[in-house]
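# Coordinate analysis (summary)
Letter by letter, the chains look like this.
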Amino acid sequence: MADDDQHVSEGPADDERAIPRIDTSKPSIARVYDFFLGGKDNYAIDRQVGEATLRIAPDAPAAGRSNRAFLRRVVRHLAAEAGIRQFLDIGSGLPTQGNVHEVAQGVDPATRVVYVDNDPIVLVHGRALLATNGSTTVIEADVRDPESILNHPAVEALIDFDQPVGLLMFAILHHVNDDEDPQGIAARFREALPSGSYMALSHFHNPGPAMPEVSAQASTAEKLFNENLGTGRWRTRDEILSYFGDLRLLDPGLVPLAEWRPDPDAIVERGITYHTFVGGVAHKP
Ligand SMILES: C[S@@+](CC[C@H](N)C(=O)[O-])C[C@H]1O[C@@H](n2cnc3c(N)ncnc32)[C@H](O)[C@@H]1O
């Protein structure tokens, strides 16, 4: 299905066209997620995976929305309450509503944000969105190679590692397979953070025998993701907690996304994915 027409997609009508290096014959994590969020930067192959996921987890779009709402609450908290003025957002995904820079720069327009993703489509759309913003940039790099991110010229230009940093790893470490050392990757980023920094993450969760039905659904979704996207791990609570190392978890700890400091008027959708997507924020003293 991929062709060599060099074109920036404007949406479904452009399915058969592709920007350079965008392979529309294979589903992409960023574009499947965009499909769940109701975006238009996805192709037929992505929607096929999205629709197969909906058959297992009809509330997958709610899980995506819940993750974005969690992200916005975390960034607002870090910017407005904790005084963080620089964010490194790894596995940032396609631009959507309420991006990190919009929330953080709503608190202080001088806040600096570096978005990192390994999918070239994110770079193209991110650059288009951010063309006019000198405090924000997007780079193409792989979380599995932390040095390539920490030593990237754009990161060195915008992030001062002598000042507290907001490290954001939303829905990214579950796309790192067990044999790719997610613990070592998380540890390397934690180590690079100066004191006073925060690490926030969300992650697919398998609650195990305590919730057999939810656990079975998580295993089915894991199989589907691995067969179609090549990644996707629904990990145990202890595995996810290990990514925070010895940082101090803020209240209420590692919880289903909707339970992390909810807005008073929030409408919580408690579907099958409620317990299979968790998040937390930790502080480096
Ligand atoms: C589910 S999206 C999450 C987007 C955003 N962080 C959020 O939570 O709303 C996961 C993103 O991680 C990116 N990603 C997956 N594996 C990656 C890797 N090895 N290095 C960098 N980014 C990666 C995908 O391209 C995708 O954009």
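The rules behind each value
- Residues numbered from 1 in each chain as written.
- Predicted model: local features only at pLDDT ≥ 70, side-chain atom pairs only at ≥ 80, totals over all residues.
- Heavy atoms only, no water.
- Buried < 20%, exposed > 50% of the residue type's maximum accessible area, 1.4 Å probe, protein only.
- Helix = DSSP H or I, 4+ residues; strand = E, 2+ residues; numbered from the N terminus.
- pLDDT = per-residue confidence, 0-100.
- Contact = heavy atoms within 4.5 Å.
- Pairing = 2+ DSSP bridges.
- Right-handed = clockwise from strand over helix to strand, strands pointing away.
- Near = heavy atom within 4 Å.
- Polar contact = N/O pair within 3.5 Å; in protein donor to acceptor, adjacent residues only side chain to side chain.
- Areas by Shrake-Rupley, 256 points an atom, 1.4 Å probe, with all protein chains shown as cover.
- Nonpolar A, V, L, I, M, F, W, Y, C, P; charged D, E, K, R; others polar.
- Salt bridge = Lys/Arg side-chain N within 4 Å of Asp/Glu carboxyl O.
- Core = buried A, V, L, I, M, F, W, Y, C linked by side-chain atoms within 4.5 Å.

### Some points on unusual backbone geometry
Of note, the amide linkage connecting D251 to P252 takes the cis form, showing an omega dihedral of 5°. The phi dihedral of D181 falls on the positive side, at around 65°, and the residue is not glycine. Its relative accessible area of 43% is what places D181 among the partly exposed residues. Phi is positive for R261, which is not a glycine, with a value near 45°. Along the chain, the position of R261 falls in the loop between strand 7 (255-256) and strand 8 (277-283). Classification of R261 by relative accessible area gives partly exposed; the value is 33%.

### Things to note about the confidence of the model for the chain
With 93% of its residues at a pLDDT of 70 or more, the chain shows a mean pLDDT of 91. Within the model, pLDDT remains below 50 along residues 1-18, and this stretch shows 42 contacts once partners closer than five positions in the same chain are excluded.

### Observations concerning the pairing of strand 2 (residues 112-117)
Burial analysis of strand 2 places five of its six residues in the buried class, the great majority of the element. As judged from the five bridges shared by strand 1 (residues 86-90) and strand 2, these two strands associate in the parallel manner. Bridge pairing in strand 2 links I90 to V116. Remark: the strand 1/helix 4 (residues 100-107)/strand 2 crossover connection has right-handed handedness. In the sheet, strand 2 pairs with strand 3 (residues 136-140) via five bridges, with the strands oriented parallel. Paired with D117 across the bridge in strand 3 is E140. Crossover handedness for the path strand 2 to helix 5 (residues 120-130) to strand 3: right-handed.

### Description of the site of the ligand
Taken together, 18 residues are adjacent to the ligand, and Y33, N67, R68, G91 and D117 come closest. A distance of 2.7 Å separates an oxygen atom of the ligand from a polar atom in the side chain of N67. Contact distances for the ligand include 2.9 Å between a nitrogen atom and a backbone N or O atom of F170. Protein chains shield 96% of the accessible area of the ligand, which is 600 Å² for the free molecule. At the level of secondary structure, the elements contributing two or more residues to the shell around the ligand comprise helix 1 (29-36) and helix 3 (60-81). By residue number, the principal contributor to the shell around the ligand is helix 1, which donates three residues. Partitioning the shell around the ligand into residue classes produces eight nonpolar, five polar and five charged.

### Remarks on the pattern of salt bridges
Following the criterion strictly, the structure yields 14 salt bridges and no others. Notably, a salt bridge pairs D178 with R233, separated by 3.1 Å at the nearest N-O pair. In this pair, D178 sits in the loop between strand 4 (166-170) and helix 8 (182-192) while R233 sits in the loop between helix 9 (212-229) and helix 10 (237-242), placing the two residues 55 residues apart along the sequence. Relative accessible area serves as the criterion here: at 42%, D178 is assigned to the partly exposed category.

### Overview of the nonpolar core
It is characteristic of soluble globular proteins that their nonpolar side chains tend to be buried jointly. V74, V75, L78, F87, V100, L168 and V281 are the most contacted members of the largest nonpolar core, which totals 49 residues. The dominant element in this core, judged by the number of residues it contributes, is helix 3, at eight residues. Ignoring any residue separated from it by four or fewer positions in sequence, one finds F87 in contact with V75, L78, A79, V100, A104, T111, R112, V113, V114, I159, G166 and L168. Counting 33 residues, the second largest nonpolar core, distinct from the first, contains I159, V176, A192 and A282.

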